[in-house]
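Single-letter residue listing:
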Amino acid sequence: PPDMVTVEVDGHGVRVEVYEEVKNSAALKEEIVSKKLEASLLDARMIVDVFQILMAAKKALYSLEKNCLATHGLHTELIYCLSGQRSISAALNTFGIQAESQNVILVVIDDQGETFDTIAKLIDGKHGNLDALKDLCDVEKIKKLYKITAEELSHPSSCLVDSVVCRRLCNVKLIGGVTGDAYSSARFSIIHVLFCHTPVPIHG
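Everything in this summary refers to the structure shown in the same document. All residue numbers refer to position in the chain's written sequence, counted from 1. Reporting in this predicted model follows two pLDDT cut-offs: at least 70 for local features of residues, and 80 or more for side-chain atom pairs to be given and counted; totals over whole chains, interfaces and linings ignore these cut-offs and use all residues. Excluding hydrogens and water, the side-chain values take into account all heavy atoms of the structure.

**Overview of the side chain of Ser163**
Its place among the elements puts Ser163 in helix α9 (residues 160-169). Throughout, exposure labels follow a simple rule: accessible area from a 1.4 Å probe, protein chains only, divided by the maximum for the residue type, with under 20% read as buried, over 50% as exposed, and the rest as partly exposed. For Ser163, a relative accessible area of 0% puts it in the buried group. Here a polar contact is recorded for every N or O atom pair within 3.5 Å, except that within protein the pair must consist of a potential hydrogen donor and a potential acceptor, and residues adjacent in sequence are included only if both atoms are side-chain atoms. Separated by 2.5 Å, the side chains of Ser163 and Glu152 make a polar contact. In this description a helix means any DSSP run of H or I spanning at least four residues, a strand means any run of E spanning at least two, and both kinds are numbered starting from the N terminus.

**A few points about helix α5 (residues 114-122)**
Every buried residue belonging to α5 is among Phe116, Ile119 and Ala120, and all of these are buried. Mapping the buried residues of α5 onto a view down its axis gives an arc of 105°, with all of them on the same face. Exposed positions of α5 whose direction lies more than 90 degrees from the buried face are Glu114 and Lys121. Turning to α5, the residues buried within the fold contact β1 (4-9), β2 (12-20) and β4 (104-109). The directions from the helix axis to the C-beta atoms are what the arc is built from. Contacts are assigned to residue pairs with any non-hydrogen atoms lying within 4.5 Å of each other.

**So, the packing of helix α3 (residues 74-82) against helix α4 (residues 88-95)**
The contact between α3 and α4 brings their axes to 8 Å, and the two run at 85°. Compared by their axis directions, α3 and α4 come out roughly perpendicular. Along the contact surface, α3 presents Thr76, Ile79, Tyr80 and Leu82, while α4 presents Ile88, Ala91, Leu92 and Phe95. Gly falls in the polar group here, along with every residue not listed as nonpolar (Ala, Val, Leu, Ile, Met, Phe, Trp, Tyr, Cys, Pro) or charged (Asp, Glu, Lys, Arg). Residues belonging to the contact of α3 with α4 are distributed by class as follows: seven nonpolar, one polar and no charged. Only the contacting stretch of a helix is used when fitting its axis, a line to C-alpha atoms as for every element, and angles between N-to-C directions run 0 to 180 degrees. An angle below 35 degrees is treated as roughly parallel, one above 145 as roughly antiparallel, one from 65 to 115 as roughly perpendicular, and anything else as oblique.

**Digging into the packing of helix α2 (residues 50-65) against α3**
Viewed as axis vectors pointing N to C, α2 and α3 meet at an angle of 125°, and their least axial separation amounts to 8 Å. Relative to α3, the element α2 is oriented oblique. Once α2 is placed against α3, the crossing between them reads as right-handed. Residues Gln52, Ile53, Met55, Ala56, Ala57, Lys59, Ala60, Leu61, Ser63 and Leu64 of α2 form the contact with α3, whose participating residues are Leu74, Glu77, Leu78, Cys81 and Leu82. Left-handed describes a crossing whose near helix is turned anticlockwise from the far helix through less than a right angle; right-handed describes the clockwise counterpart.

Here is the structure:
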């Protein structure tokens, strides 16, 4: 199972890794706030699947290309794109690393390895497995944020990550809106539209 993944999104490399039992989240947050780290550090409690991150990266890169970033940088924009909230500060407080975050996801876009490796050395935690995100996330908190009902998830072909991703895509003009029962079956179409390349796991 992959403990790291690098995916090409619109010609940009998106590298993702998860760390568990992180002991210095407060210090890492300060580094992000002071803009000393060119990366996204996410609280794993709000991430169900890597696909959720790749969708946000796609949207952030789209905004960069169109010169319409809502934030001051690409990695902050990625965090903003994870959220359904209009407030940038609310998005950062919900999805970004917090002082109490125990499990943290590191995301770096367009890196040759130096930035990622430098930041990785600053994280006082152990390498986690990306397949374990579903166990690290706070399901009830995510369902409440996105207003996902038990009835929706009871559909035979439905899963939490699809519900989250479809709701986020309905808020942008990357693809047509997806509503109602289509939530449970839209993932194939989303992947087809968003990505031209298959994710390639890299074992570190």
